[in-house]
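Single-letter residue listing:
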Amino acid sequence: MMAPSTVHFVILAALLFGIGAAGVLLRRSGIAILLGIELMLNAGNLALVAFARQHGSLDGQVFVFFVMAVAAAEVAVGLALLVAIFRKQQAIDVDRLAIMRW
Amino acid sequence: MTLSGTLLSALVLTPGTVGLLLLLLAPRDAKSLHRWAGMLASLVTLGLALLAWSRFDPADPAFQLVEARPWLPSLGISYRLGVDGVALVLVLLTALLQPVVMLSSWKQIDDKVKGYVASMLILETGMLGAFLATDLFLFYVFWELMLLPMYFIIGVWGGERRVYAAVKFVIFTLAGSLLMLVGILYLGSLHKASAPGTWSFAYEDIARLSIPGGEGFWHNPQLLAFAVFALAFAIKVPVWPLHTWLPDAHVEAPTGGSIILAGVLLKLGTFGFLRYCRPLFPEAWEAATPLFVTLAVIAIVVGALVAYAQKDLKKLVAYSSVSHMGFIMLGLFAGTVTSTQGALLQMVNHGLSTGSLFLLVGVIYDRRHTRLLEDFGGLARVMPLYTGAFLIATLSSIGLPGLNGFVGELLILLGSFRTQPVAVVIAATGIVLGAVYMLTVVQRVFWNPLVHEANRGLADLTWQEVTAFAPLGLAMFWIGVYPMPVLSISEAAIRRLIGG
Amino acid sequence: MLNLLWLVLAFPLAGAVVLLAGARRFTHRTTAAVGVGATGLSLLVALGVLASYAGRHGEVVTQTLYRWIAAGDFSVEVAFRLDPLSAVMLFFVTFVGFLIHVYSTGYMHDEPPTAFARYFAYLNLFMFAMLTLVLGANLLVLFVGWEGVGLCSYLLIGFYFEKDWCAAAGKKAFVVNRIGDFGFLLAIFMAFKAFGTVDMAGLQAAMAADPAAAARWATPIALLLFVGAVGKSAQLPLYVWLPDAMAGPTPVSALIHAATMVTAGVYMVARTSFVYALSPTALLVVAVVGGLTAVFAATIGLAQNDIKKVLAYSTVSQLGYMFMGAGAGAFTAAIFHVFTHAFFKACLFLGSGSVIHACGGEQDMRKMGGLRHHMKATYWTFLVATLALAGIPVFAGFFSKDEILAKVFAAGAGNLHGYGKVYLVLWGLGVAGAFLTAFYMFRAVYMTFFGSFRGGPEAEHHLHESPGVMVWPLRILAAGSVVVGFVGIGFFGPRFNLFERFLHPVAPGVEVEGWHAGPALEVGLIALSVGVAVAGILLARRFYFGPDAGAIPARLATAWPRLYRTVANKYWVDEGYDAAIVRPTNRLAWWLWKGLDTVVIDGVLVSLAFFTEIAGDLLRFVQTGNVRNYALMVLGGAVAAAAWLLL
């Protein structure tokens, strides 16, 4: 059995990214959307690590740390927002947030 | 460090600093503190301007009293000030008008005095800086610095439609100046692309560049760069047909705002043409001359006719500005030394005569709360001093020999006749029309029977109003009888700018 | 003494400044002392200067005060020039001006002190401006005076500013004059462009040095200068302001609108005669305009009932004679008529002022009559001046008018520049005008001083002779109207024409070659012009004197009602200008404002703003508020960006 090449990782990352994106676009639950975003971010992380291994450079891995930190912050803020929304609307359906349009 | 090393900085920054300090530190309701602080700052600035005049060598065409400090060295942006004859004349005009403005608003502005005084002072820093900056980027900074205080002056202390007028003023001006910023950046990049390979926005560095020309308009970098500069300046002047912001701004602005607007802000447009467009883009200037001469002549004639049709005194004076600024544009684009000297002198003259007309219109508006011609008549009987002052300003405005306006118009037309005889013939009709509309004003406001009872008890000029008008009136006579001081300080600089 | 020339101007200027500054405090006495004193001192200095100049045989003396303007290659100085031409003007301007100042102290005495001071301030300022005009050594200083007298004229016409017609007349005078100034300024520009100087002497030298350029530029420069002269000297078609200018106080009419300012146009033509002499076309235009004006204004004068209006149209007509003479190349004859006219026309105006003063402000001759019994001095002086104006021998006007007619005839007979026929026609017009002049002036004399008083018993009770300060100037001017003609008798040949000999060096005139009038012809011409004058007087006597005075003219008026109304209404020229120029301009101005400025230009700009708003209105629907829509757009954008980078 041959070792997985960069291509395999990238394909996996693309799949994960697609699943995440679909989740963001199709789900109405705020939590599910946050999950989708996490999935996309980690797909990106996977690609970065894969390329870093291929190029033998640490740059990509350093970036991954940044992304993880940002993702953590983003989830913290996002969940706080969702809590606030839930308190106001008794639901976390993002389609019901369109009260500010026009 | 000698004083000359920082004289121009002191001149430029004094009013603005006082203004900021007022905003930050002064208590809100100490009105007379605000007024006196504003007055004092204006007088100190005037003193510094006179000091700069005394240190100025009229024979030297280069920038004098130069200051240069790096600001953003990696981008070649520096803090550079310097004065030449052209800038000095306009700086003196600005410094002279500022105390007049403070006086004219002494009692008239009684609401939010602190903000008003601070705006005026910051505005003065912007104007002086724009005249004295010798770095294009710094020039742009000062240019935009003028916008905000003027926006507040019109929008907060203005008349009924002040918000409309203020927004119109800002949008017009910004539309021009943002494009000018692109032009400035282009010139900086051009410097980087040329021999030394560094960024620079210093006026003298840019002036050494030869900006490539080309076929047509869109493929001619020099013409394009000229166009963006010219658009910004043309809106400021304003050149017909970009003038429609001016009547609105003037009508709504408070008296002090109108004086500064007509007296100095418009001159920044013509100053820009003379200082930037002419020397930096000589071929484009040449190519654009027919267009601008035509527009200038249209402005002279149409502006005068439209002024004649006005019923509101202030709007009439505003349209007369359009006509007078047309003369200045004609003088600049006719391109002889004589006509350009005349144009510069006329910038001063227009500041004095139109400034004092706005001052005097403000006087009558304070008393009667109307500016419609039909509400007056026979005022000469009740307000003889006021009538005399208005008559002097009128005669100056229509170019009566012995007063300043004549010398300016004469030099412009005489100098322009060499290169643009047809334009001069048409423009000279503006002299006839000027007499028509201004004397109609005099007739309808001061002469004729006193029919409105409300005018019977009007008080004549107070000492404060006389003091405000006196320096302007004296300057009118002085320039009319002996204009050589103004002409001689600017001649060398003008010769350098127009390469004559 | 000659270097005190500037003092002649300085005194009136100082007087004006003092009077304006002290207007609110001065009493009548102080004002009169300052005003008359300033002019008197000016007169004294002028006489002193002229006395020391007398021995200098036409030399040109220039006094330069300082450099006024210098910019580029243009440079001009404040400089004054004394030569025979300006000496003549200097003399009568200060002399007549002084007399009128004295007269004014009586005439204006009923004005309140402030107005009295204002009046004398303006009058002094006028003297300053007029002397600047006369003495200016270059076109620009001359122009300063030119505009200055226009300003004073404007202020003095509108002196009774609370009457709206006075205010309107002042404005009209200034604006119409400005139309002339437009030409004058262009002439200055053109002279500078062609010859690089605006100095009189410099210009003359430059034109002499470059005959080709001089020939090319003489006609346009001369014609443009003449446009200025037409405005200032009230010639066709710009004469309309002068009759209206009678709204000012009568001494003002005498000083400004008869004796001095209105003759500035003639002076200017004589001053620049070296330009006119090079241009047959310009001379012809000057002569034709002058000749037409002379007759045209005289016909209007026939049907005026306001005594000042009669004199005003008479002035326009006489100025026409002066231009006709100048146009025939006889510049000295023109100036001679300016000189004599100053005396007798000032006398006439002051006399009419005395009459108006006596009649309590009434100016309509139909409400006068029989005044010779009440005011003897006024009557006699008025009569003497009228005889002078009518051109009766020994009176000054005879010599000067006859000189002009003789020169025009010579130009016609000698076929000057090949335009002989035109000049002959002009001479015919001039003779006809002389007849009309004699008629309308004696009409005025008969209506005013003869018959019985028609102004009602109340007014008759107040009739009185004017005080001494008013009568003495009249006597002096009347005496002048008799004697000043003798300095320029042309009949015995040039040797006896002192006036022409004096002026010859500066305004030599255009010689008519190959023709000379024999003595018989000269006597015949003189007899003819005296004859028509006498005929005019007799006809006026027949019409307006005796028990059925006014009956014949009334019958004529009913016989030709249209003609009468046309003349009485001054050919409807004012109405024509109003319909053809003033109202279209008003409409154009209104249209430019409301149409072009507000609708078109601002419309375009406002519609730009409007489209921005519309675009915003439409694009805001993109903002659905649906988070997932935004996410989709972000994704689409990312894909598009990636595609752009990859493909």
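Going along each chain's sequence as written, the residues are numbered from 1 onward. Whichever chain is written first is A, and whichever ligand is written first is 1; the rest continue in order. Totals for whole chains, interfaces and linings use all residues, but because this is a predicted model, local features are given only for residues with pLDDT of at least 70 and pairs of side-chain atoms are given and counted only at 80 or more.

**Re the overall build of chain B**
Counting secondary structure elements, chain B contains 20 helices and two strands. Against the 2.2 N^0.38 benchmark of 23 Å for 500 residues, chain B shows a C-alpha radius of gyration of 22 Å, consistent with a compact globule. Counting only C-alpha atoms and orienting by the principal axes, one finds that chain B spans roughly 75 × 60 × 40 Å. Taken across its 500 residues, chain B has 62% of its residues classed as buried. Placing a C-beta atom from the backbone of each residue, one calls two residues in contact when those atoms lie within 7 Å. The contacts of chain B with a sequence gap of at least 6 include a subset with a gap of at least 24, amounting to 80%. To qualify as a helix, a DSSP run of H or I must reach at least 4 residues; to qualify as a strand, a run of E must reach at least 2; elements of each kind are numbered from the N terminus. Only the C-alpha atoms count toward the radius of gyration. The rule for a globule is 2.2 Å times the residue count to the power 0.38. Exposure in this text rests on C-beta crowding, where 20 or more other C-beta atoms within 10 Å of a residue's own make it buried, 12 or fewer make it exposed, and counts in between make it partly exposed. The C-beta atoms are placed from the backbone.

**Observations concerning the overall build of chain A**
When its secondary structure is counted, chain A shows three helices and zero strands. Secondary structure elements of chain A occur, N-terminal to C-terminal, as α-α-α. For 102 residues, the compact-globule estimate of 2.2 N^0.38 gives 13 Å, and the C-alpha radius of gyration of chain A, at 17 Å, exceeds that figure by more than 25%. Expressed as a percentage of the 102 residues in chain A, the buried residues total 16%. Within chain A, counting contacts between residues at least 6 apart in sequence, those at least 24 apart form 47% of the total.

**Comments concerning the nonpolar core**
Within the largest apolar cluster, 441 residues are counted, with the highest numbers of intra-cluster contacts made by Val91(B), Leu330(B), Ile188(C), Val266(C), Ala334(C), Ile335(C) and Ala346(C). Structurally, this core is a two-domain feature, drawing no fewer than three residues from each of domain 1 (280–564) and domain 2 (574–646) of chain C. In contact with Ile188(C), not counting residues within four places along its chain, are Leu139(C), Leu140(C), Phe143(C) and Val198(C). To count as a nonpolar core, a set of buried Ala, Val, Leu, Ile, Met, Phe, Trp, Tyr and Cys residues must be joined through C-beta atoms within 7 Å. One finds Leu34(A), Met40(A), Ala43(A) and Val94(A) within the second-largest nonpolar core, a separate group that totals twelve residues. Domain extents, as shown, originate in an automatic or database domain assignment.

**Some words on the pairing of strand β1 (residues 64–72) of chain B**
All names here are of chain B. For two strands to be treated as a pair, DSSP must find at least two bridges joining them. Across six bridges, the pairing between β1 and strand β2 (residues 77–83) is antiparallel. Bridging from a neighbouring strand, Glu67 pairs with Leu81 of β2. The antiparallel pairing of β1 with β2 creates a hairpin that spans four residues between the two strands, and Gly76 there sits at a positive phi of about 70°.

**Examining the interface of chain C and chain A**
Between chain C and chain A, the contact holds ten residues from the first and ten residues from the second. When the residues that make up the side of chain C that touches chain A are grouped by side-chain class, the tally is four nonpolar, four polar and two charged. Residues are grouped as follows: Ala, Val, Leu, Ile, Met, Phe, Trp, Tyr, Cys and Pro are nonpolar; Asp, Glu, Lys and Arg are charged; every other residue, Gly included, is polar.

**Let's talk about helix α11 (residues 255–280) of chain B**
Given 3.6 residues to a turn, an α-helix orients residues that are three or four positions apart in the same direction. All names here are of chain B. The span one expects for a helix is its residue count, reduced by one, times 1.5 Å. For α11, spanning 26 residues, the distance from its first C-alpha to its last is 36 Å, which sits close to the expected 38 Å at 1.5 Å a residue. Where α11 bends most, the angle comes to about 40°, and this point is Leu261. Along α11, 25 of the 26 residues are buried, which leaves the element largely enclosed by surrounding structure. Think of it this way: the bend at a residue is just the angle between two axes, each fitted to seven residues, one set ending at that residue and the other starting at it.

**Some words on unusual backbone geometry**
With an omega of -10°, the peptide bond between Val237(B) and Pro238(B) qualifies as cis. Within the secondary structure layout, Pro238(B) lies in the loop between α9 (221–236) and α10 (245–252). Here Leu236(C) and Pro237(C) are connected by a cis peptide whose omega angle stands at 0°. Among the structural elements, Pro237(C) can be located in the loop between α8 (211–232) and α9 (241–244). With a phi close to 55°, Ala234(C) is a non-glycine residue in the positive phi region. Examined against the element boundaries, Ala234(C) turns out to sit in the loop between α8 and α9. Take Ala234(C): there are 31 C-beta atoms within 10 Å of it, and that puts it in the buried class.

**Describing the environment of Val534(C)**
Positionally, Val534(C) belongs in helix α22 (residues 519–544). Measuring from C-alpha to C-alpha, the distance between Val534(C) and Leu387(C) comes to 10.0 Å, with 147 residues separating the pair along the chain.

**Some points on the interface of chain B and chain C**
Of the residues lining the interface, 44 residues belong to chain B; the matching set on chain C comes to 38 residues. For the side of chain B that touches chain C, the secondary-structure elements that each account for two or more residues are α12 (282–309), α14 (337–368), α15 (379–382), α17 (404–419), α18 (421–446) and α20 (484–498) of chain B. In terms of residues, the side of chain B that touches chain C owes the most to one element, α18(B), which gives eleven residues. Along the lines of polarity and charge, the residues of the side of chain B that touches chain C split into 30 nonpolar, twelve polar and two charged.

**What to know about the environment of Ala79(C)**
Residue and element names in this part refer to chain C. Structurally, the position occupied by Ala79 is in strand β2 (residues 74–82). Residue Ala79 is classed as buried on the basis of its 21 C-beta neighbours within 10 Å. Separated by 14 residues in the primary sequence, Ala79 and Val93 have C-alpha atoms spaced 19 Å apart. Apart from the residues lying within four places of it in its own chain, the contact partners of Ala79 are Thr62, Gln63, Thr64, Leu65, Ala137, Asn138 and Val141.

**Brief notes about helix α4 (residues 113–135) of chain C**
A rise of 1.5 Å per residue sets the reference length of α4(C), with its 23 residues, at 33 Å; its end C-alpha atoms lie 33 Å apart and thus fit the reference within 8%. The buried fraction of α4(C) is high, at 20 of 23 residues.

**Examining the arrangement of the chains**
By number of contacts, the leading pair among the two pairs of chains in contact is chains B and C. Nothing in chain A touches chain B; the tightest C-alpha to C-alpha distance between them is still 24 Å.

**Quick word on the packing of α9(B) against α11(B)**
In a pair of packed helices, the angle between the axes and the distance between the axes together describe the arrangement. Residues and elements named next belong to chain B. Relative orientation of the contacting elements α9 and α11 amounts to 155°, with a least axis distance of 7 Å. In this view, α9 runs roughly antiparallel relative to α11, as classed from their interaxial angle. As α9 packs across α11, the resulting crossing turns out to be left-handed. Facing Phe226, Phe229, Ala230, Phe233, Ala234 and Lys236 of α9, the residues of α11 in contact are Leu265, Leu266, Leu268, Gly269, Gly272, Phe273, Tyr276 and Cys277. Fitted lines through C-alpha atoms serve as axes, helices being fitted only where they are in contact, and the angles separating the N-to-C directions of these axes extend from 0 to 180 degrees. The cut-offs work like this: below 35 degrees is roughly parallel, past 145 is roughly antiparallel, 65 to 115 is roughly perpendicular, and the gaps in between are oblique. Two helices that cross are described as forming a left-handed crossing if the nearer one is turned anticlockwise from the farther one by less than a right angle, and a right-handed crossing if clockwise.

**Things to note about the confidence of the model for chain B**
Along the chain, pLDDT gives the predictor's confidence residue by residue, from 0 to 100. When the pLDDT values of chain B are averaged, the result is 90; 99% of them are 70 or greater. Confidence estimates for the predicted assembly give a pTM of 0.89 and an ipTM of 0.91.

**Regarding the pairing of β2(C)**
Residues and elements named next belong to chain C. Burial within β2 is extensive, with seven of its nine residues counted as buried. As defined by bridge partners, strand β1 (residues 61–71) adjoins β2 across nine bridges and the pair is classed as antiparallel. By the bridge assignment, Ala71 is partnered in β2 with Phe74. Joining the antiparallel neighbours β1 and β2 is a turn of two residues, in which Gly72 adopts a positive phi near 60°.

**A few points about the packing of helix α3 (residues 85–104) of chain B against helix α4 (residues 113–132) of chain B**
Residues and elements named next belong to chain B. At a minimum axis separation of 9 Å, α3 and α4 run at an interaxial angle of 170°. Considered as vectors, α3 and α4 are oriented roughly antiparallel to each other. From α3, Ala87, Leu90, Val91, Thr94, Gln98 and Val101 reach across to α4, where they touch Met120, Glu124, Met127, Leu128, Phe131 and Leu132. When the residues that make up the contact of α3 with α4 are grouped by side-chain class, the tally is nine nonpolar, two polar and one charged.

**Describing the environment of Gly353(C)**
Residues and elements named next belong to chain C. Assignment of secondary structure puts Gly353 in helix α15 (residues 331–358). By the C-beta count within 10 Å, which is 27 here, Gly353 ends up buried. Residues Gly353 and Thr250, 103 residues apart in the sequence, show an inter-C-alpha distance of 5.4 Å. Not counting residues within four places of it along the chain, the set of residues in contact with Gly353 comprises Tyr107, Thr250, Pro251 and Ala254.

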